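The primary structure of each chain is shown beneath.
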Amino acid sequence: MVEEVKTKISSEYRAIDADYRRKVAIVNARPKLARAGVIFWAGLDSLLLLIFVFGVVMYLVSGSFAESRTTAGLLANVAATHTDVIKAAPTVLQIEDAKSASVTSGKYDVFAAVRNPNSEWYATFDYVFVYEGGQTEVMSGFMNPDDYRLLSAINLPFERRPTSLRLVISNQVWHRVDRHVIADTDIFLAEHANITVEQATYTKDVTLGSEQIARSAITLSNRTAYAYWNPEFLVKLMRGSTVVSLTRISVPEFKSGETRVVEVRWLGEVPPSGTVVLEPLVFYFDPAVYMDPNDETGLDVRR
């Protein structure tokens, strides 16, 4: 029985000792666990902070690159748009050297060839001929798309042949062909400008006193579908490639399908033979040049 009591005491003692050791271990481990917890949370906070910083840096860097790409794209678009605008803008009128032709003693025609190199733009402007000691009166002019013709001032009084002669254009306004109204400029001009010269003669068969008067008979046909109030034409008397004299003619109420004969008398010293060439002076983009197709005689929209 004594042995049983000892055994029971020994078991209790071991249990108490084990419990004591466990509590001592817990007490001893608690600071270490606290430090480990602090270290863990500090590490976790540091990791989260690093992730946050990394995210911010990547956002800023990628945003910077994206902004740079966007800015570069915008600048490229602006440059491309500017280039397109420059390409679409009209090219300046090309003015050749001004010249003069003697009409009679003390009278001259002055002229200069002008080209509009633009197929989608037409121009309106004022122009004068400047010469040494003065200038002509200001005149109004226009150039249709792809136009090439003379601008002139006819039968002007000069004491002698004008020198340092040049054409000066001012108050120029460009007008772009309205694609909503005119789909194809070439077709439009071909349809509206089809007034043909059927015949143009030049003879010196009229005698006035001791002088022979030169004259021309010009046959014009309006092959367009349009009637024109008073289309004008510049008539050039040519000797080879040289302009000998200039004059203007007009055909009042020139209707579609009509053929007219216009006579011209050439004044001054003109050659015994020459070639007659016509240049139309019709501003096809001005509605006022056309007669009203709904009326037999037309309604003059200029009034």
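Above this text is the structure in question.
Remember, predicted model here, so these are calculated numbers, not experimental data.

A.B. asks: Looking at this model, I keep getting lost on unusual backbone geometry. Mind explaining?
C.D. replies: Backbone phi values are negative for most residues with the exception of glycine, while trans is the configuration of most peptide bonds. One non-glycine residue with positive phi stands out, namely Asn155, at about 60°. With respect to the element layout, Asn155 can be found in strand S7 (residues 148-157). Judged by its relative accessible area of 35%, Asn155 falls in the partly exposed class. With phi around 50°, Asn171 is a residue other than glycine that occupies positive phi space. Following the sequence through the fold, Asn171 ends up in strand S8 (residues 166-176).

A.B. asks: Sorry, what's going on with the pairing of strand S2 (residues 99-104) here?
C.D. replies: Successive side chains on a regular strand alternate, one facing one side of the sheet and the next facing the other. With 5 bridges joining them, S2 and strand S3 (residues 107-115) adopt antiparallel strand pairing. Bridge pairing links Lys99 to Phe111 in S3. Between S2 and S3, which pair antiparallel and follow one another directly, the connecting turn spans 2 residues, one of which, Gly106, has a positive phi of 85°.

A.B. asks: Sorry, what's going on with the nonpolar core here?
C.D. replies: Of all hydrophobic cores here, the largest spans 31 residues; its most connected members are Ile218, Leu220, Ile249, Trp266, Leu278 and Phe285. For this core, the secondary-structure elements that each account for two or more residues are helix H2 (185-192), strand S11 (211-222), strand S12 (232-239), strand S13 (242-250), strand S14 (259-266) and strand S15 (275-280). Listed in part, the 18 residues of the second largest apolar core include Ala98, Phe129, Tyr131 and Leu167.

Cut-offs and rules
Residues numbered from 1 in each chain as written. Predicted model: local features only at pLDDT ≥ 70, side-chain atom pairs only at ≥ 80, totals over all residues. Heavy atoms only, no water. Helix = DSSP H or I, 4+ residues; strand = E, 2+ residues; numbered from the N terminus. Buried < 20%, exposed > 50% of the residue type's maximum accessible area, 1.4 Å probe, protein only. Pairing = 2+ DSSP bridges. Core = buried A, V, L, I, M, F, W, Y, C linked by side-chain atoms within 4.5 Å.

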